[in-house]
Structures are given as structure tokens and as C-alpha cells.
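In case you want the letters, here they are:
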Amino acid sequence: MRTRDRCLLLSLCLCAVVLGGCGGDDGSPPADNPGYVFALAWGSAGSGDGQFAFHDGPFAAGVAVGPDGNVYVADWANHRVQVFSAAGVFQRKWGTHGTANGELSYPIGIAVRSDGDVFVAESGNHRVQRFSSTGTWEATWGGNGTGNGQFQNPNGIAVTAAGAVYVADTFNHRVQQFDADGAFVRAWGSLGTGAGQFDHVYGVAVSPAGEVWTADTGNHRLQVFSASGVHRATYGSQGAANGQFYGPVGLAFDAAGHAFVVEMGNQRVQELAADGAYLCKWGTSGAGNGQFNRPYAVAVDAAGAVYVADANNDRIQKFTPAP
């Protein structure tokens, strides 16, 4: 990863320690949201099956849930994808370091379509690859640059059942949309603080309503767009209060349309309603259960379980709705 990558990430690591808890400012959960509890964790630093290399100078990770309920992990510095059951049991892996089709260089964003196809954004190769659910290579597109269909260190990626692919083109400060075979559709965004502008967009997710949500990391906010890139809303500002953000990175949705946001700087997860209203938060800085050290990515399964790629702890943590 380049020097400017390191500088941005290091600046976000000068973080506040945030107390966990779900609900209102008084600590009581909303009536319709009792919060989330730690369920399990798996992983450690290494290159064996079930181990991860989420930090290699900088830190990064990706996590997604497939229609089969399996958890797909972009294992950043091991240059591979690993697949686990919902209980964290290793299933399979694919990828080696390289530039050829099917090889990977710092895979970071990962998304799984409703038919099981897996889309991987590679920061090192500045491209996207599509695989079958078992790791068979299917398509590649992109390359290093600023033109349409090119990338500079892409991060988050999201796919829809209809075949739209959205990529957070991080260091080009934009979002690009493609079809499932990599044909360029449109792009939007530029460097800045205005509506529709970004300061390093790291995360992207599509809500059940079809809106494209983005983690505008350097501006410490979320921006929401229509499927065609029209700005709809902006949520958040820099800080540690409920509904504020410090280094938001990963985004995911549950079936109810609630957004889950991981923050590198605040070492926590926040849950927001579809209109951006704060619902819940959890996480503190550390290595214990339910604590985080630079959380980077998040995914939600059909049962509402939340999976967090806890990057500097080299593990995946799973949380379930409290009884």
C-alpha cells in the first residue's frame, strides 16, 4: 500500500475510546431494539486455515455473507479468500499472490450476489474479480488509473440481485457502477466536502430500498444516493456521540433496512434506521470479546447476526440480537 494510504489510516488511529451499549443516551435500549450481544469469534494472526493477515503496515479486511449462509472473508495480506460456516468453521479458500486471473493482491472488498457469485475488489491490483462460490475465476476488470473503469486502491464493493456492481474507488474519491461482467455504467464523486463529494470513500452498500450508501471516511459521514448516483442525504459529522462518526469504513444492511457502520477511529459499530436515525452502538477499544482494534468491515446474515472484521485483532467477531 502506498504512503498516502498509510498516512490516512494512521491519522484515523488517533482515536477516542467509546463505551459500548445500545439504545438512547441514558443507556436504555429502544423498545424495538434490545441491542446485540457477543456470540463468538474466530481467527488469529497467521497464514494457516482460519488464520488471517489483516494488518501489514496498514490494516484492512473484508467480510460478506452468501445466500448459503457462509461467511466470506477477504484475507488482505494473505492474498486469498477464506470461507467459513456461520459458526466460524473453515470451509475452503482460494487465491495466491499475483496479477493473473484468479490470483489476488491485497483483496479488500468482498460481496456475494444472490446467486452465489463472489466479487472481490483488490487494492493491490486496482481491479475487481468475479468468482463462483467455490472460487472458480469468472471475470476481471479494472486497472490502475483515473479513467472510467479504472481504480486507485478500490475498497468496498456491493452487488445487487439485478446485477449492478458498485465500487468505492477510494483514492479517486468516487463511486463507480458496473454491470456484472464489468461494463462501465457510470461514476460520481470528486474530492471535497460538498454533497456528492468525498474524502476517500471506503465503504459502499445497497439498502433493501435500492439506495446506495457510502462511507465518506475522511469527511466522517455517510452519504446516500439513488441507484443512479443522485445525492439523497448526508448523515453524521466528526465525533464520538451517537450518530457521529470517526473514520467510518464498512457498511452493511439487515433485511429491515437498518444500516450497520463500523468506525476505525471510534472502535465501534453503530446501527442506524433507514432514515439515518441512531438506534444502537457497541464496542470499546481492546482485544476482549466484543472489543475492537481497528474494525474495518461488517456483514449481516438473514437471521440478523452481525459479523465484524476486527482487523488489528486478526479475527472475525459475530454478534446476535439480544434476547
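Quick note: structure is the one above.
Nothing here was measured: the structure is a model prediction, and the numbers come from that model.

Moving on, we get to the overall build of the protein. Within the protein, the secondary structure is distributed over one helix and 25 strands. Among the 323 residues that make up the protein, the fraction classed as buried is 60%. A separation threshold of at least 6 residues defines the contact pool for the protein, and within that pool the share at least 24 residues apart is 49%. Carbon and sulfur atoms form 50% of the exposed surface of the protein, whose accessible area is close to 11100 Å².

Turning to the pattern of salt bridges, a few remarks are in order. The final tally for this structure, using the stated rule, is 13 salt bridges. Two residues, Arg130 and Asp117, come together in a salt bridge whose shortest N-O distance is 3.6 Å. Taken together, the residues Arg130 in strand S9 (residues 127–131) and Asp117 in the loop between strand S7 (107–112) and strand S8 (118–122) connect sequence positions 13 residues apart. For the pair Arg130 and Asp117, one class covers both residues: buried. Among the ionic pairs, Arg221 bridges to Asp216, the shortest N-O distance being 2.6 Å. We note that Arg221, like Asp216, is buried.

This part covers the packing of aromatic side chains. The relation between two aromatic rings is expressed through the spacing of the ring centres and the mutual angle of the planes. Applying the stated rule across the entire model yields 23 aromatic pairs. Plain terms: the ring middles of Phe38 and Phe319 are 6.1 Å apart, the flat faces sit at 75° to each other, and that makes the pair edge-to-face. Placement of the pair is Phe38 in strand S2 (residues 36–42) and Phe319 in strand S25 (residues 315–321), with a sequence separation of 281 residues. Judged by centre distance (6.3 Å) and plane angle (65°), the ring pair of Tyr166 and Trp188 falls under edge-to-face. Of this pair, Tyr166 sits in strand S12 (residues 165–169) while Trp188 sits in strand S14 (residues 184–188); the two residues are 22 residues apart in sequence, bridging distant segments of the chain.

This brings us to the nonpolar core. Val63, Val73, Tyr296, Tyr307 and Ile316 are the most contacted members of the largest nonpolar core, which totals 28 residues. Looking at this core, the elements with two or more residues in it are strand S3 (62–65), strand S4 (71–75), strand S23 (295–300) and strand S24 (306–310). The greatest single-element share of this core, amounting to three residues, is contributed by S23. Residues within four places of Ile316 in sequence aside, it is in contact with Leu40, Ala41, Trp42, Phe52, Phe54, Val63, Val73, Tyr307, Val308 and Ala309. Core analysis: the second largest hydrophobic core is formed by 15 residues, Val262, Phe292, Val306 and Val308 among them.

Before going further, it helps to spend a moment on the sheet that holds S2. Strand order in the open sheet formed by four strands is S2-S25-S24-S23, with antiparallel pairing between adjacent strands. At either margin of the open sheet sits one strand with a lone partner, and together these are S2 and S23. Within the sheet, the average angular offset between the axes of one strand and its neighbour, ignoring direction, is 25°. Pairing of S24 with S25, which is carried by five bridges, proceeds in the antiparallel orientation. By the bridge assignment, Val308 is partnered in S25 with Gln317.

This next bit is on the pairing of strand S20 (residues 259–263). A regular strand places its side chains so that they alternate between the two faces of the sheet. The element S20 is largely enclosed, with a buried count of five among its five residues. The alternating pattern of S20 places Ala259, Val261 and Glu263 and Phe260 and Val262 on opposite faces, both of which are buried. Between the end of strand S19 (residues 248–253) and the start of S20, which pair antiparallel, lie five residues, with Gly257 showing a positive phi angle near 90°. Relative to strand S21 (residues 268–272), S20 is paired through five bridges, and the arrangement is antiparallel. Bridged to Phe260 within S21 is Glu271. In this antiparallel pair of consecutive strands, S20 and S21, the connection spans four residues, and Gln267 shows a positive phi of 55°.

The space that makes up the largest pocket amounts to roughly 960 Å³. Among the elements of the structure, S3, S7, strand S11 (157–159), strand S15 (201–206), S19 and S23 are those that each provide at least two residues to the lining of the largest pocket. For the lining of the largest pocket, the residue count by class is 29 nonpolar, eleven polar and three charged.

Moving on, we come to the sheet that holds S14. Taken in spatial order, the four strands of this open sheet run S11-S12-S13-S14, and their pairing is antiparallel. Edge strands, defined here as strands with exactly one partner in the open sheet, are S11 and S14. Ignoring which end each strand starts from, the neighbouring axes of this sheet average 15° apart. Two strands pair when backbone bridges link them, and S12 and strand S13 (residues 174–178) are joined in this way by five bridges, in the antiparallel orientation. Residue pairing across strands places Asp169 opposite Arg174, the latter belonging to S13.

Cut-off values and rules
All residue numbers refer to positions counted from 1 along the written sequence of the respective chain. The predicted nature of this model means local features are confined to residues of pLDDT at least 70 and side-chain atom pairs, given and counted, to a pLDDT of 80 or more, with totals for whole chains, interfaces and linings taken over all residues. As a rule here, side-chain values cover all heavy atoms of the structure and leave hydrogens and water aside. In this description a helix means any DSSP run of H or I spanning at least four residues, a strand means any run of E spanning at least two, and both kinds are numbered starting from the N terminus. Exposed residues in this analysis have more than 50% of their type's maximum accessible area, buried residues have under 20%, and partly exposed residues fall in between, with area computed by a 1.4 Å probe over protein chains only. It only takes one pair of heavy atoms within 4.5 Å for two residues to be counted as in contact. Computed with the Shrake-Rupley method and a 1.4 Å probe, the accessible areas treat only the protein chains shown as cover for residues. In what follows, salt bridge is the name for a side-chain nitrogen of Lys or Arg lying within 4 Å of a carboxyl oxygen of Asp or Glu. A pair of aromatic rings is counted whenever rings of Phe, Tyr or Trp (Trp by its six-membered ring) have centres within 6.5 Å, and the orientation is called stacked for planes under 30 degrees apart, edge-to-face for over 60 and tilted otherwise. The term nonpolar core refers to a set of buried residues drawn from Ala, Val, Leu, Ile, Met, Phe, Trp, Tyr and Cys, joined through side-chain atoms within 4.5 Å. The criterion for strand pairing is that DSSP finds at least two bridges linking the strands in question. Angles run from 0 to 180 degrees between N-to-C directions of axes, and those axes are lines fitted to C-alpha atoms, restricted for helices to the stretch in contact. Two kinds of site are reported from a 1 Å grid over the protein atoms alone, namely cavities, where a 1.4 Å probe fits but cannot get out, and pockets, open sets with protein on both sides within 12 Å along at least five of seven lines, and residues are called lining when an atom falls within 4 Å of a point. Grid points are joined across faces, edges and corners, and a volume is the space filled by probe spheres set on the points. When residues are sorted by character, Ala, Val, Leu, Ile, Met, Phe, Trp, Tyr, Cys and Pro go into the nonpolar class, Asp, Glu, Lys and Arg into the charged class, and all the rest, Gly among them, into the polar class.

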